[in-house]
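Architecture at a glance
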Protein chains: 2
Amino acid sequence: MKIAEVSTQHGISTDTLRYYERIGLIPPVNRSESGIRDYNELDIRRVEFVKCMRSAGLPVEVLIEYIALVQQGDKTIEARKDILVEQREALIARMEQMQKTLDILNHKIEVYEKAVLKNEKEMIPVVE
Amino acid sequence: MKIAEVSTQHGISTDTLRYYERIGLIPPVNRSESGIRDYNELDIRRVEFVKCMRSAGLPVEVLIEYIALVQQGDKTIEARKDILVEQREALIARMEQMQKTLDILNHKIEVYEKAVLKNEKEMIPVVE
DNA sequence: CCTTGACTTAGAGTCAACTTCAGGTGTTAC
DNA sequence: GTAACACCTGAAGTTGACTCTAAGTCAAGG
């Protein structure tokens, strides 16, 4: 599959795909004789994986390290697992913080809704 | 309360506190005769609010707009509510994406755990 | 009186993660 | 066969959100 197709199908710009390869976020993709990238199944799964991880905020640096370990074969399985466990913890922490923020937003929105109702009749000064 | 105290108590650098004020993320803080910032209760609640919202990824720009509306009084309550509702939607979307990523991480970690067990005896090539 | 240290400002610098550019080669449509 | 377009590379530019610097004011301690 050509880079342009991968780009449109997965919503990642060709620039970003090349960038990812350059920095080692995905291993080198096979090329045609004339040097044009040809993504295979595995390449695409890797792109998807990176996209997913990045969208959740895992740092590029960590993913590069992880991918490098993958390239080194089964002897790195424990190290890889450690990275994923660490990132999972960080992810859970971020989600918990976001949940707190969500609670506060919900509360504020509720207060505003009451304020609007009141204001319609009474114009009472309220919240922030 | 002095800026240094606010900084240590809330884990935000004095630079960042001044920066927030400069860009309008918190309204101007009262000053002593000699021009030194003196944070009152309300200022601190605002700092906490901004910290919380920022930690969940709400953009500075949006928060500036929100704070500006707060300064304009009760006539902006509906507009403020709209902003919060919009940001709530965005936050929920981010959290859902993160949950997906978490599921994948959990799955991968599980597979790795099995792989480690197997490898101890059989050295079977496995996952990625 | 002088130094230490907290504070002030405007503005420059940094960082992660892209994104765009300049300059060039290869491929396809008519 | 030539125009238009997709691709290549390395490097410079951009963005959001800080973070630091330079140059200066001011109050307190020795």
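All residue numbers refer to position in the chain's written sequence, counted from 1. Chain letters and ligand numbers both follow the written order, the letters beginning at A and the numbers at 1. Per-residue local features of the predicted model are confined to residues with pLDDT of at least 70, and side-chain atom pairs are confined, for both listing and counting, to 80 or more; whole-chain, interface and lining totals are unaffected and use all residues. Think of the side-chain values as coming from all heavy atoms in the structure, minus any hydrogens and water.

1. Quick word on the pattern of salt bridges
Two side chains of opposite charge can pair, provided their charged atoms sit close to one another. In the sections that follow, a salt bridge refers to a side-chain nitrogen of Lys or Arg positioned within 4 Å of a carboxyl oxygen of Asp or Glu. Counted by the stated rule, this structure contains 12 salt bridges over all chains. The salt bridge partner of A:Arg18 is A:Asp15, with a shortest N-O separation of 3.8 Å. Here A:Arg18 and its partner A:Asp15 are both found in helix H2 (residues 14-22), three residues apart, which amounts to about one turn of the helix. For each residue, the accessible area found with a 1.4 Å probe, counting protein chains only, is set against the maximum for its type, and the residue is called buried under 20%, exposed over 50%, and partly exposed in between. Here A:Arg18 falls in the partly exposed class, since its relative accessible area comes to 33%. Here B:Glu110 makes a salt bridge to B:Lys114, at a shortest N to O gap of 3.8 Å. Taken as a pair, B:Glu110 and B:Lys114 lie in helix H5 (residues 77-121) at a separation of four residues, close to a single helical turn. Residue class for B:Lys114 comes out exposed when judged on its relative accessible area of 53%. Each of A:Glu21, A:Arg31 and A:Arg37 takes part in salt bridges that share partners, so that together they form one network. Where helices and strands are cited, they refer to DSSP runs of H or I of at least four residues and of E of at least two residues respectively, numbered from the N terminus.

2. Quick word on the domain arrangement of chain A
Residue and element names in this part refer to chain A. Parsing chain A into structural domains produces domain 1 (1-71) and domain 2 (77-128). What fixes the domain bounds is an automatic or database domain assignment. When each unit is reduced to the centre of its C-alpha atoms, the spacing between domain 1 and domain 2 is 33 Å. Whether two residues touch is decided by their heavy atoms; if any such pair falls within 4.5 Å, the residues are in contact. Each partner contributes to the interface: domain 1 provides nine residues, whereas domain 2 provides seven residues. Two parts placed together each lose some accessible area under a 1.4 Å probe, and adding up what both lose gives the buried area. Overall, the association of domain 1 and domain 2 removes approximately 750 Å² of surface from exposure, summing both partners, and the carbon and sulfur fraction of that is 72%. A per-residue breakdown of the area domain 1 buries against domain 2 is headed by Leu58, Tyr66 and Leu69, which together make up 53% of the total. Counting across the domain 1 and domain 2 interface gives zero salt bridges. What qualifies as a polar contact is a pair of N or O atoms within 3.5 Å, subject to a donor-acceptor requirement within protein and to the restriction that residues adjacent in sequence count only when both atoms come from side chains. Between domain 1 and domain 2 we count one residue pair in polar contact (both at pLDDT 80 or more) in total. Just so you know the grouping, Ala, Val, Leu, Ile, Met, Phe, Trp, Tyr, Cys and Pro go in nonpolar, Asp, Glu, Lys and Arg go in charged, and all remaining residues, Gly too, go in polar. Across the side of domain 1 that touches domain 2, the residue classes break down as seven nonpolar, one polar and one charged.

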